[in-house]
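Coordinate inspection notes
Spelled out from the first residue to the last, the chains are:
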Amino acid sequence: MQRTSALVFALAVATSLPLSACKKEAAPPPAPAPAKPAEAPKAEPKDDGIPAPPDVAAPPADAEKTASGLASKVLTAGTGKEKPAATDTVEVHYTGWTTDGKMFDSSVKRGQTAKFPLNRVIPGWTEGVGLMVQGEKRRMWIPVELAYQNRPGRPAGMLVFDVELLNIVKPPAVPQDVAKAPKTAKKTKSGLAYQVLTKGTGKTHPTAKSVVSVHYTGWTTDGNMFDSSVARGEPATFPLDGVIPGWTEGVQLMVEGEKTRFWIPEALAYKGTPGAPAGMLVFDVELLKINN
């Protein structure tokens, strides 16, 4: 906040008139001293985020390099023994900079760790974090080909990340019958197949308008897990009429506490939408709560 200087007044010394004067007149009023110039407002320190490392522009000579072009350097040795697989979910703290030293993202600055499946991020992350063990902190120089490939709206060029690997969560096991529904599975007229894995304790079924809380894991029929609230450690809550048709139909067959496996044909899933999991999808769903 600006502090404005007060005007300082100097008192002048009064001078007496000669004794022969008929009467004594008052001394002239004191003249104000020149005012001090007002202080300039103090600039607030600009918060530019976490300072970039001194080697942000290029990897140093002692950095490890892989055949893909990824360079990395261990900053703090870890205490773990296992390295994460691409299908594992990892919990990390990280900060990212462009090579001119500009920070573009940081879980450290947000004060909240990040969790994600390692095969759902840029290739440089999948490869680089896969070199780490729990407790390790590593700096990675990720070439543009392994980063965002200069896509509009994304950080451009080579990117530099400091990553601390806090935890590794193994994904749920792939079901043995992931390739197709077994003969013991029930089928609906729409083509949805399902099998109850654990009976529930509830008495009522949700409707299409219900909001439900669930834990789930999804695979493609080749056994590739593409999403899992279980691996994230956070249940999902959503309205049943806001998801794919196979979910809307299937979860209405369940009661609270029930766990069911669904084989959802593509026509009831993402219908070939680019970027979405393709073909028939398999989900293990546990209905935790019907919220309304």
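Residues numbered from 1 in each chain as written. Predicted model: local features only at pLDDT ≥ 70, side-chain atom pairs only at ≥ 80, totals over all residues. Heavy atoms only, no water.

Let us now look at the pattern of salt bridges. Applying the stated criterion to the full structure yields twelve salt bridges. The closest approach of N and O atoms between Asp241 and Lys209, which form a salt bridge, is 3.4 Å. Remark: Lys209 occurs in the loop between β9 (193-198) and β10 (211-220) and Asp241 occurs in the loop between β12 (236-239) and α4 (245-251); sequence separation between them is 32 residues. What makes Asp241 partly exposed here is its relative accessible area of 43%. Salt bridges linked by common partners bring Asp55, Arg139 and Asp162 together as one network. (Salt bridge = Lys/Arg side-chain N within 4 Å of Asp/Glu carboxyl O. Helix = DSSP H or I, 4+ residues; strand = E, 2+ residues; numbered from the N terminus. Buried < 20%, exposed > 50% of the residue type's maximum accessible area, 1.4 Å probe, protein only.)

Now for unusual backbone geometry. In this structure, Asn150 is a non-glycine residue whose phi angle is positive, near 60°. Tracing the sequence through the fold places Asn150 in the loop between β6 (137-142) and β7 (159-169). Positioned with a positive phi, Lys271 is a non-glycine residue whose angle comes to about 55°. On the secondary structure map, Lys271 appears in the loop between β13 (259-264) and β14 (281-290). With relative accessibility at 57%, the residue Lys271 sits in the exposed group.

Okay, the nonpolar core next. Counting 22 residues, the largest nonpolar core has Val214, Trp247, Ile264, Phe283 and Val285 as the members making the most contacts within it. Sorting the residues of this core by element identifies β10, β12, α4, β13 and β14 as the ones contributing at least two each. Among all residues touching Val285, those that are not within four sequence positions of it are Val214, His215, Tyr216, Trp247, Val251, Met254, Glu258, Lys259, Thr260 and Phe262. Core analysis: the next-biggest nonpolar cluster, separate from the first, contains 21 residues, Leu146, Tyr148, Val163 and Ile168 among them. (Core = buried A, V, L, I, M, F, W, Y, C linked by side-chain atoms within 4.5 Å. Contact = heavy atoms within 4.5 Å.)

Geometrically, a pair of aromatic rings is defined through the distance of the ring centres and the angle of the planes. Scanning the model with the defined rule gives nine aromatic pairs in all. A centroid spacing of 6.3 Å and a plane angle of 35° characterise the contact between Tyr194 and Phe262, whose relative ring orientation is tilted. Of this pair, Tyr194 sits in strand β9 while Phe262 sits in strand β13, placing them 68 residues apart in sequence. With relative accessibility at 2%, the residue Phe262 sits in the buried group. On the basis of an interplanar angle of 80° and a centroid distance of 5.3 Å, the ring pair of Trp247 and Phe283 is categorised as edge-to-face. With Trp247 in helix α4 and Phe283 in strand β14, this residue pair connects regions lying 36 residues apart in the sequence. Overall, the relative accessible area of 7% leaves Trp247 in the buried class. One aromatic cluster is present, built from ring pairs that chain together Tyr94, Phe104, Phe116, Trp125 and Phe161. (Phe/Tyr/Trp six-rings, centres within 6.5 Å; stacked < 30°, edge-to-face > 60°.)

Keep in mind these numbers describe shape, not what the thing actually does.
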